[in-house]
Amino acid sequence: MRRRVGALVVALLAGLAALLPTTPAVAGTVWDYPEFPYPATTYSEPFRGQFHFSSQSGWMNDPNGLVYANGLYHFFYQHNPHGLAWDTMHWGHATSPDLVHWTQKPIALEPGVHSGTLFSGGGVVDKDNTSGLRTGSLDPIVVFSNTDGVSIFYSNDNGQTFQAYDKGRKQITIPDESRDPKVFWDTARHRWAMVVWSNQGGNGVNIYTSPDLLDWTLASRFQAPWLFECPDMYPLDLDGKTGQQRWVLTSASSQYVVGTFDGTTFRTDWTQPQQMDLGTTYAGGTFYAAETFTNTPDGRTVQMAWQGGNRGSTWTGNSTFPVTLGLVTTPDGPRITRTPVAELSSLGSETKSWKNETINAAKGGNLFGSIKADTYEIAAQFDVQGATARRFGFDLHSRSDGTADRSVAYDTAGQTLQGKSLKPRNGKVTMRLLVDRGQLEIFGDGGRYSLSDNVDFDSAADSQGIRLFAVGGKVKLDSATFTRLNTSWGTAQSTLLSNLKGPWHAAGGSWTDVGGGKRASTSGDGFYMSASSGGDAVYQGDITLDTARAGGLTFRADASGAGYTATLDTSGVVKLWRPGKDISVKTAPISAGRTYHVKVQAEGSRIRVWLDNGADPVIDATDSTYSGGLFGVNVYNGAATVQNLNTGAGGFSAFPAGRWTPHGGTWTVTPAGLRGSSSQDGFYLSDRTGGDFTYEGDLSVTNGTATGLTFRADGSGVGYTANIDTGGMVKLWRPGRDIATYATPIVEGRTYHLKVRTEGSRIRVWFGDGADPVIDATDDAYTSGLFGVNGFAANTLAQNLTVG
């Protein structure tokens, strides 16, 4: 979705700008992608939804690219992370194991890193690798965006980073105004299909088909005045019956029609659309731009929409709670049903129920009078046959003075709930209310009735009443259930990359999410402990000491952190210690602001510690006090950042050497290898030297320009480098001179093998599996020096480095 020009929307956005502080939106840079520009929060602010997703900070609008991939639900969304109003769209990202407990993740698509206008779009999981984009063991996530055409972006690391296919060039070009591509798998035809809104002689969607997600063919166009932007299209089984499939086509304002799809053309005999949700369905209203997930593990069609009316001091907008869509037969034809996903029950705590009660205005009283609640669910069924009450319902967040923040009322004569039609079924009226701090969602009649709203509920203790009322008579309450709903926030890690199990907990100090991992601030010892435990293990991680005196890896510990810790100390030592004893202390230069890699191997009473990928341990000691316990980290007296906390043998595989040293950029170790991030030239250098040799390894540019093998270099990286460059070449260079180049496509995210052989002034470079060198050149500027790796204006990965 792009910024609207309608008078209502202009007024809304102008109002937001006047009410909220703004910061100019900015584009990112490749070397620090993905950014995590969010201030810390406990998600406990006034009006912040406790079970409705909202961005940790910044502006959000349309849901984008909703998929279930590699064990997680992914919720991408239109986002300005640098302000509280619409501007310079990014794709925000959150993940959840269950559609309920969402965790903010770093930015997915970022201007300055990914080309095009990153407006709304859809996403799929290419499980069968029809695109050929897969590079590892994970199923690729493929998303679609841009305007006046469609560009493709993909991720092979479960959404941590995205690459642009074909450098972001449009794979579909549409001469008219267009946006919002939504892609789905057409099971019957075993191919992909796409709907894209375009203004070609009026509102409508172009329908495309593809065998591989990359090459698209225009199949047809469906045009209708109501069909404005953010379309979605999906099949539903009528009344849940297999073989009774119908197709639903929707617009941003939740209008929909039901019809058929033969693989190329959508057809319907409806002359007018129906409304799926009865809230304010305009951009910035309480329900807009809904999208469904693809690849759900149980086949459900799950939908989320944008609610624009919720805002706080640091955020604007939220999503509706996920619902399962159904299609049922009615006398008026097939109709959509919306039902909150069953996983909502995971938040339930206290429950109270009532049956066969009479609500009588004359007698007063309040069945819910003993309840005080902030976030909760109410399900109720009323028998309106013989009811004399003119209205009945619930006052939400009521107070002793008779006021309430919102009244949900059924009009018996008008047969309306909140002024919207809800006819009794067999004499019964059902309603289900989801009440959150800034959201109210009302469902009725088995999901046929759906009304999404934003309400600024007062969470003060004296404003948490619930009043069940009747006006002008009485009505029978068949049943009612109240369920208190706990918060869904704070159950997973936003930026800390680790294979250790959660939940993590702090034992001292303050621990917050930053772009580089988990940042601690302590005034003494602070520990951050995982839920994973072990005895004999290899455990490694990256530690950056900022103002902290020391920081390290903790293992075989209890929940308070009492156990072993391998520590880096800025006094100039590496230390293995436990409470009451420094087991081993070794001298090593340790400075603030630099990232160090620490690895520990514990085998019985023997404990070894390695530093900065050196082949030999800096500590080899024995102690038998603790035989097993939890894994975690420790920071002492100041601020430090930890990242890539992993057990197991994975990591950076390289030739034997002493400690490696960075010169420019940031270098960390992931299970996939050595990750580099540099704004210009950055080098990571071993202490091993050579003159004539064969040096080879596997290299990848995750995002950005170039990475390579550096050799015959001094301690600052001045020497030769053979690199791969996403400009389309393999290059041999030294400072001041490009010695030779070889033209070949280099794709972001792909791994390439480089081999260098030197003999005196002759330098040869092999690329991939080729038998012959692609570069054979001579240069005599450097005869010997250090081995290392280089990155230039990029995020890079290096692995399997060998010297022979």
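The structure displayed is predicted, hence computed values, not measured ones.

**Q** Could you give me a rundown of the overall build of the chain, with the residues and numbers involved?
**A** Looking only at helices and strands, one finds one helix and 57 strands in the chain. Its C-alpha atoms give the chain a radius of gyration of 30 Å, within 12% of the compact-globule value 28 Å for 804 residues. Reported as C-alpha extents along the three principal axes, the dimensions of the chain are approximately 100 × 65 × 50 Å. The buried share among the 804 residues of the chain stands at 59%.

**Q** Talk me through the layout of surface pockets; I want residue IDs and the actual numbers.
**A** Left-over empty space is what a probe sized like a water molecule reveals as it rolls over the atoms. Its volume calculated, the second largest pocket comes out at about 900 Å³. Taken together, 34 residues make up the lining of the second largest pocket; nearest its centre are W185, T187, P235, N295 and G299. Those elements that provide at least two residues to the lining of the second largest pocket are strand 5 (123-125), strand 10 (178-186), strand 14 (232-237), strand 15 (245-250) and strand 22 (323-328). Top contributing element to the lining of the second largest pocket by residue count: strand 14, with five residues. Here the lining of the second largest pocket is built from residues that sort into 14 nonpolar, twelve polar and eight charged.

**Q** Tell me about the confidence of the model for the chain, and please be specific about residues and values.
**A** Across the chain, pLDDT averages 96, with 97% of residues at or above 70. Of the regions scoring below 50 in pLDDT, residues 2-22 engages in 31 contacts with residues more than four places distant in sequence or in other chains.

**Q** I'd love a proper account of the sheet that holds strand 27 (residues 404-411), names of residues and values included.
**A** Whether parallel or antiparallel, the strands of a sheet pair through hydrogen bonds between backbone atoms. Spatially, 29-28-27-26-33 is the arrangement adopted by the five strands of the open sheet, whose pairing is antiparallel. Where the open sheet ends on each side, the last strands, each with one partner, are strand 29 (420-421) and strand 33 (465-471). With seven bridges joining them, strand 26 (residues 391-398) and strand 27 adopt antiparallel strand pairing. Bridging from a neighbouring strand, L396 pairs with R406 of strand 27.

**Q** How would you sum up empty space enclosed by the protein? Please name residues and give values.
**A** For the structure on display, the rule yields three cavities of 30 Å³ or more. Of the pockets and cavities examined, the largest cavity occupies roughly 80 Å³. In terms of lining residues, the largest cavity is bounded by 14 residues, among which S120, D180, C230, P231 and E291 are the most central. For the lining of the largest cavity, a count of residues per class yields six nonpolar, four polar and four charged.

**Q** How would you explain the sheet that holds strand 11 (residues 191-198) if you had to name every residue and give the values?
**A** As summarised here, the arrangement of the four strands in space is 10-11-12-13, forming an open sheet in which the pairing is antiparallel. In this open sheet, the two edge strands, each paired with only one partner strand, are strand 10 and strand 13 (217-223). Shown here is a sheet whose adjacent strand axes are inclined to one another by a mean of 25°, direction ignored. Judged from the six bridges that link them, strand 11 and strand 12 (residues 204-210) form a sheet pairing that is antiparallel. Each residue of the ladder has a partner; that of W192, found in strand 12, is S210.

**Q** Account for unusual backbone geometry, naming residues and giving values.
**A** Peptide bonds are mostly trans, and most non-glycine residues show a negative phi. Here the bond from Y33 into P34 is cis, since omega is 0°, no more than 30 degrees from zero. Secondary-structure assignment places P34 in the loop between helix 1 (7-19) and strand 1 (58-69). In the segment running from G502 into P503, the intervening peptide bond is cis, with an omega of 0°. Along the polypeptide, P503 turns up in the loop between strand 34 (474-485) and strand 35 (505-507). Even without a glycine there, the phi angle at N356 is positive, about 50°. If you trace the backbone, N356 turns up in strand 24 (residues 348-360).

**Q** Let's hear about the pairing of strand 39 (residues 550-557): which residues, and what values?
**A** Most of strand 39 sits inside the fold, with eight of its eight residues counted as buried. The sheet contact formed by strand 39 and strand 40 (residues 564-569) spans six bridges and is antiparallel. Bridge assignment links A550 to a residue of strand 40, and that residue is D569. Taking the residues between adjacent antiparallel strands as the criterion, strand 39 and strand 40 are bridged by six residues, where G561 takes a positive phi near 100°. Sheet analysis places strand 39 next to strand 46 (residues 629-647), joined by six bridges and oriented antiparallel. Bridged to L553 within strand 46 is V633.

**Q** Talk me through the pattern of salt bridges; I want residue IDs and the actual numbers.
**A** In this structure the tally under the stated criterion is 39 salt bridges. With a shortest N-O distance of 3.9 Å, R179 and D180 are connected by a salt bridge. Residue R179 is classed as buried on the basis of its relative accessible area, which comes to 2%. For R556, the salt bridge identified is with D536, shortest N-O distance 3.0 Å. Note that R556 is positioned in strand 39 and D536 in the loop between strand 37 (517-534) and strand 38 (537-545), a separation of 20 residues in sequence. Overall, the relative accessible area of 56% leaves D536 in the exposed class.

**Q** Quick one: what's the story with the packing of aromatic side chains, residue by residue and with numbers?
**A** To describe a pair of aromatic rings, one takes the distance between the centres and the angle between the planes. This model, assessed by the stated rule, comprises 47 aromatic pairs. Aromatic side chains W197 and F228 sit 5.3 Å apart centroid to centroid with 90° between the ring planes, which places their arrangement in the edge-to-face category. One end of the pair, W197, is in strand 11; the other, F228, is in the loop between strand 13 and strand 14, with 31 residues separating them in the sequence. On the basis of relative accessible area, F228 is assigned to the partly exposed category, the value being 29%. Summarising the aromatic geometry, the rings of F652 and W660 are spaced 5.3 Å apart at their centres and angled 70° between planes, so their arrangement reads as edge-to-face. Overall, F652 belongs to the buried group, its relative accessible area being 13%. Members of the aromatic cluster, each reached through a chain of ring pairs, are F652, F655, W660, W667, Y684, F693, Y695, F711, Y720, Y782 and F787. Here the guanidinium or amino end of R48 rests over the ring plane of W315, the centre of that ring lying 4.1 Å away. Stacked on the ring of W766, the Lys or Arg K755 has its end atom at 4.7 Å from the ring centre.

**Q** Could you give an account of the side chain of S686, with specific residues and numbers?
**A** Relative to the helices and strands, S686 is located in strand 49 (residues 673-690). The buried category is assigned to S686, whose relative accessible area is 4%. Within the local environment of S686, its side chain forms a polar contact with the backbone nitrogen of R688, the two atoms lying 3.2 Å apart. When near neighbours in sequence (up to four residues on either side) are disregarded, S686 contacts F655, A657, R659, W660, L786, F787 and G788.

Criteria and cut-off values
Residues numbered from 1 in each chain as written. Predicted model: local features only at pLDDT ≥ 70, side-chain atom pairs only at ≥ 80, totals over all residues. Heavy atoms only, no water. Helix = DSSP H or I, 4+ residues; strand = E, 2+ residues; numbered from the N terminus. Rg over C-alpha atoms; globule rule 2.2 N^0.38 Å. Buried < 20%, exposed > 50% of the residue type's maximum accessible area, 1.4 Å probe, protein only. 1 Å grid on protein atoms, 1.4 Å probe; cavity = no way out; pocket = protein on both sides within 12 Å on 5 of 7 lines; lining within 4 Å. Points joined across faces, edges and corners; volume = space filled by probe spheres on them. Nonpolar A, V, L, I, M, F, W, Y, C, P; charged D, E, K, R; others polar. pLDDT = per-residue confidence, 0-100. Contact = heavy atoms within 4.5 Å. Pairing = 2+ DSSP bridges. Axes fitted to C-alpha atoms, helices over the stretch in contact; angles between N-to-C directions. Salt bridge = Lys/Arg side-chain N within 4 Å of Asp/Glu carboxyl O. Phe/Tyr/Trp six-rings, centres within 6.5 Å; stacked < 30°, edge-to-face > 60°. Lys NZ or Arg CZ within 6 Å of the ring centre and 35° of its normal. Polar contact = N/O pair within 3.5 Å; in protein donor to acceptor, adjacent residues only side chain to side chain.

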